[in-house]
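Inside the fold
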Amino acid sequence: MPLPGRIDIDQSVVIQLRDGNRRAFSNLFSRYNQKLYFFALGYLKSEKEAEEIVQETFIKLWERRSDLNPELSIHSYIFKIAFNYIRKRMLRMVRENELRHELAKELTDFDDHTSNTLNYHFLLEQINHLIVQLPARQKQILELRKLEELTSKEIAETLGLSLKTVEAHLTASLRFLKEKLRSEELNDLLLFALTFKKKI
């Protein structure tokens with residue numbers, strides 16, 4: 001049950017924030033930033049991502065300040081914004097994992113029968129490492145195609161590029177991943193992983 005006068009205090013702060021009062025904004029940040037941090041950390045298990053959730057939440061709060069309703073709970077509103085960002089990140093993590101599995105099947109000879117073995121998990125980590133090495137534009141286009149499931153035409157329109165350029169970037173990124181995954185060095189590492197598993 002809220003303390004006497006708490007609702008009036010919150011309403012006053014929200015009204016001030018709605019009018020662009022930066023002190024009111026700082027007041028809310030001081031009150032909620034730690035709570036939001038641990039809230040996000042509980043879901044994402046990453047200190048860096050939890051900090052980013054806090055920043056994104058308060059940026060959104062400031063951007064939407066003119067839409068605030070003093071009659072509604074600012075506490076609930078702030079945590080709703082945070083949870084929406086958390087949910088988006090968790091969904092992206094699921095999609096990124098699906099992307100690694102898809103590329104493993106598309107670019108190598110591994111299949112579902114090996115999905116629970118050490119060498120397959122090792123391969124997934126290598127794919128993730130290689131994706132990070134892609135040039136920024138290639139990585140962006142690959143993720144839009146595989147994670148967001150946009151067509152090449154939609155990617156071209158979104159990024160203001162020609163269809164031919166988008167397809168060239170996709171081809172180059174997949175060629176890079178395929179060549180690296182089939183390199184002698186990676187094959188040796190996979191063999192090591194298999195050998196290590198047999199000794200456990």
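This section reports on the structure supplied with the text. (Residues numbered from 1 in each chain as written. Predicted model: local features only at pLDDT ≥ 70, side-chain atom pairs only at ≥ 80, totals over all residues. Heavy atoms only, no water.)

1. Section: the nonpolar core
The condition is simple: Buried Ala, Val, Leu, Ile, Met, Phe, Trp, Tyr and Cys residues form a nonpolar core when they are joined through side-chain atoms within 4.5 Å. Each residue gets one of three labels from its accessible area relative to the maximum for its type: buried under 20%, exposed over 50%, partly exposed in between, using a 1.4 Å probe on protein chains only. Runs of H or I in DSSP of at least four residues are treated as helices and runs of E of at least two as strands, each being numbered from the N terminus.
If you look at the biggest cluster of nonpolar residues, it comprises 24 residues, and the most contacted ones within it are Leu28, Tyr32, Leu36, Leu61 and Ile74. At the level of elements, helix 1 (6-18), helix 2 (22-44), helix 3 (47-63) and helix 4 (74-107) are the ones that each hand at least two residues to this core. Counting 20 residues, the second largest nonpolar core, distinct from the first, contains Leu134, Leu147, Leu150 and Leu177.

2. So, helix 3
Quick note on the threshold: To estimate the expected span of a helix, subtract one from its residue number and multiply by 1.5 Å. Think of it as the arc spanned by the lines of direction from the helix axis to the C-beta atoms.
With 17 residues, helix 3 extends 25 Å between its outermost C-alpha atoms, agreeing within 8% with the 24 Å of an ideal straight helix rising 1.5 Å per residue. Of all the positions in helix 3, only Ala50, Ile53, Val54, Thr57, Phe58, Leu61 and Trp62 are classed as buried. Down the axis of helix 3, the buried set is contained in an arc of 165°. They therefore lie on one face. Exposed residues pointing more than 90 degrees away from the buried face of helix 3 are listed as Lys48, Gln55 and Glu63.

Structural measurements only, silent on function.
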